[in-house]
Amino acid sequence: MIIRKRLVAGVCGLLVALTGGSFPAVATADAEPAGKPVPKVELVLDVSGSMRATDIDGKSRMAAAKQAFNEVLDAVPPEVRLGIRTLGADYPGKDRKTGCKDTRQLYPVGPLDRTEAKTAVATLAPTGWTPIGPALLGAAEDLEGGDATRRIVLITDGEDTCAPLDPCEVAREIAAKGIHLTIDTLGLVPDARTRAQLVCIAEATGGTYTSVRHTDELSERVSQLVDRAAEPTLTPVATRGADRCEKAPALTPGLYTDREAFGEHRWYRVDVPPGQELRASVSVAADRAVNRDYGVLLRASTVHGREIVRGEAAGDGRTDVLSTGLRYPRPDIDDADTDGPGKPAAETVCLRVSNSFSAPAGVRTTPGLPVELSIAVVDGPDEAGDAAFLGLGRGWPFLGVLIVAGFVAGVLWGRLSRWRVSVWRTN
């Protein structure tokens, strides 16, 4: 038997060896891993005329950027698909309309050929305008498709020169699409106006802003951002809340993003099985100027409108993100109370996200404010009771206990006070 098995194995091996050259390779070193999202990054470099300035370690801003790019390209993780886009690299004239279209993809997003990418960067020379808004729109198109991490890293030394296409509004529109694209910005020797614009662009998409004054700072920061794209992260899922619970989207455990207008209510639904605990949190970001004194409310209720528990937070202009959360442990039920054989009945909990933000005059209210909603359903505590967090949700029994306890405490305190007064009078 053993000899027969070895003979069959040998024949199979011979057939594979003879026919192996006639079949295409299943995978190559550059092929994307099967079933695994591949992170994408596009570096957007300002090549406008102002990049000639020689104020970074005694050399021009363009020379510093090229040196940093060469160091970054040598260290790109193999799993990252990297591309390069320029702005202001080709048109040296004074026609505004033409100059504000001057953006192109220098190196396509894909497997990196370091020599080819470095050669392309070496040919750049400071030339024209600073169309940051059009460049961001082009980079967003370059990174379309896929569910993996997508980042734009913008390196510039000045603010956009192609208004009224405000790059901050462009960043908000990109974020409003729900494609989960992050924009990180780096300002080369920035002034106050450039810094403010780059901070606004980064905050609109959950990115970061960095001020750069030395070559090593630039290469180190860009490398960090490229490496961050390769790190596994939880990708939020875009959703859209409804104006009432009946029409609300049913959410499962995970991270979700939405946009909510100023002063709006939005509804979502979550099914909570018996013996499980719902944990929900929401963050609303003020990605533009807002009036002082605002709040966020996260309210859980039954499908009939009875409130179960709520979480709320208020701010006065000192923070850019306002967050709150709640917990609702649902008790176990008897086996008889089920919606099918062996299947416990799940309770539908309606979540309402409300905000009381308002915008000053002249500030655009569209798109709405970014909302991030986190949902988790975990094993509940052993003695959750038919109540919300700490037994305060259903209210009536506990309220009765509080009333009685308060009455008894009041009587005791009154008697003690009268005794102390009488002793004081006697003495």
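Before going into details, it helps to say that this report is about the structure given with it.

**Focus on the sheet that holds strand β12 (residues 307–315)**
And then number 1: One open sheet holds the 4 strands; their spatial order is β9-β16-β11-β12, and the pairing between them is antiparallel. In the strand order of this sheet, the two ends are held by β9 (265–272) and β12, each with one partner. Between one strand axis and the next, the sheet turns through 15° on average, direction left out of account.
And then number 2: With 8 bridges joining them, strand β11 (residues 294–301) and β12 adopt antiparallel strand pairing. Considered in β12, the bridge of Leu 297 is made with Glu 312.

**Re the packing of helix α6 (residues 167–176) against helix α7 (residues 192–204)**
And then number 1: Packing of α6 against α7 leaves a shortest axis separation of 8 Å and a crossing angle of 5°. One way to sum up the angle between α6 and α7 is to call them roughly parallel. Between α6 and α7, the residues in contact are Pro 167, Cys 168, Ala 171, Arg 172 and Ala 175 and Gln 197, Cys 200, Ile 201 and Ala 204, respectively.
And then number 2: Among the residues forming the contact of α6 with α7, the class breakdown is 7 nonpolar, 1 polar and 1 charged.

**Things to note about the pattern of salt bridges**
And then number 1: Overall, the coordinates contain 22 salt bridges when judged by the stated rule.
And then number 2: Put simply, Lys 118 and Asp 74 hold a salt bridge, and the shortest N to O gap is 2.5 Å. With Lys 118 in helix α4 (residues 114–122) and Asp 74 in helix α2 (residues 61–74), the pair connects residues that are 44 residues apart, well separated along the chain.
And then number 3: The exposure class assigned to Asp 74 is partly exposed, which follows from its relative accessible area of 47%.
And then number 4: One salt bridge connects Arg 266 with Asp 258, and the closest N-O pair in it is separated by 2.7 Å.

**Overview of a negative patch on the surface**
And then number 1: Negative charge collects at one region of the surface, where Asp 57, Glu 71, Asp 216, Glu 217 and Glu 220 lie side by side.
And then number 2: Of the residues forming the negative patch, the biggest block, 3 residues, is contributed by helix α8 (residues 215–230).
And then number 3: Here Glu 220 shows up in helix α8.

**A closer look at the sheet that holds strand β10 (residues 276–285)**
And then number 1: Pairing in this open sheet of 5 strands is mixed, and the strands run β7-β8-β17-β10-β13 from one edge to the other. Two strands in the sheet have a free side with no partner beyond their single neighbour: β7 (237–238) and β13 (321–329).

**Observations regarding the state of the cysteines**
And then number 1: The tally for this structure, following the rule as stated, stands at 3 disulfides.
And then number 2: Here Cys 100 engages in a disulfide with Cys 162; their sulfurs sit 2.1 Å apart. With the S-S dihedral at roughly -100°, the linkage between Cys 100 and Cys 162 falls on the left-handed side. In this pair, Cys 100 sits in the loop between α3 (96–99) and β3 (103–110) while Cys 162 sits in the loop between β4 (150–156) and α6, placing the two residues 62 residues apart along the sequence.
And then number 3: Judged by its relative accessible area of 13%, Cys 100 is buried.
And then number 4: Cys 162 gets classed as buried once you look at its relative accessible area, which sits at 6%.

**Describing the pairing of strand β6 (residues 209–212)**
And then number 1: Burial along β6 is one-sided: the residues Thr 210 and Val 212 are buried and none of Tyr 209 and Ser 211 is.
And then number 2: In this sheet, β6 lies alongside strand β5 (residues 181–188) in parallel orientation, the contact comprising 4 bridges. In the strand pairing of β6, Thr 185 is matched with Tyr 209.
And then number 3: Between the parallel elements β5 and β6, the chain passes through α7 in a crossover that is right-handed.

**Overview of the layout of surface pockets**
And then number 1: Roughly 1100 Å³ of volume is contained in the largest pocket.
And then number 2: His 180, Thr 205, Gly 206, Thr 257 and Glu 372 are the residues nearest the centre of the largest pocket, which is lined by 48 residues in total.
And then number 3: Only β4, α6, β5, α7, β8 (254–260), β10 and β17 (369–379) provide two or more residues apiece to the lining of the largest pocket.
And then number 4: If one sorts the elements of the lining of the largest pocket by residue count, β8 sits on top with 5 residues.
And then number 5: Residues of the lining of the largest pocket, tallied by class, amount to 19 nonpolar, 14 polar and 15 charged.

The rules behind these values
- Residues numbered from 1 in each chain as written.
- Predicted model: local features only at pLDDT ≥ 70, side-chain atom pairs only at ≥ 80, totals over all residues.
- Heavy atoms only, no water.
- Pairing = 2+ DSSP bridges.
- Helix = DSSP H or I, 4+ residues; strand = E, 2+ residues; numbered from the N terminus.
- Axes fitted to C-alpha atoms, helices over the stretch in contact; angles between N-to-C directions.
- Parallel < 35°, antiparallel > 145°, perpendicular 65-115°, else oblique.
- Contact = heavy atoms within 4.5 Å.
- Nonpolar A, V, L, I, M, F, W, Y, C, P; charged D, E, K, R; others polar.
- Salt bridge = Lys/Arg side-chain N within 4 Å of Asp/Glu carboxyl O.
- Buried < 20%, exposed > 50% of the residue type's maximum accessible area, 1.4 Å probe, protein only.
- Patch = residues over 30% accessible without salt bridge, like charges linked within 9 Å, V, L, I, M, F, W, Y side chains within 5 Å.
- Areas by Shrake-Rupley, 256 points an atom, 1.4 Å probe, with all protein chains shown as cover.
- Lys, Arg positive; Asp, Glu negative; His and termini not counted.
- Charge placed at Lys NZ, Arg CZ, Asp CG, Glu CD.
- Disulfide = S-S within 2.5 Å.
- Right-handed = clockwise from strand over helix to strand, strands pointing away.
- 1 Å grid on protein atoms, 1.4 Å probe; cavity = no way out; pocket = protein on both sides within 12 Å on 5 of 7 lines; lining within 4 Å.
- Points joined across faces, edges and corners; volume = space filled by probe spheres on them.

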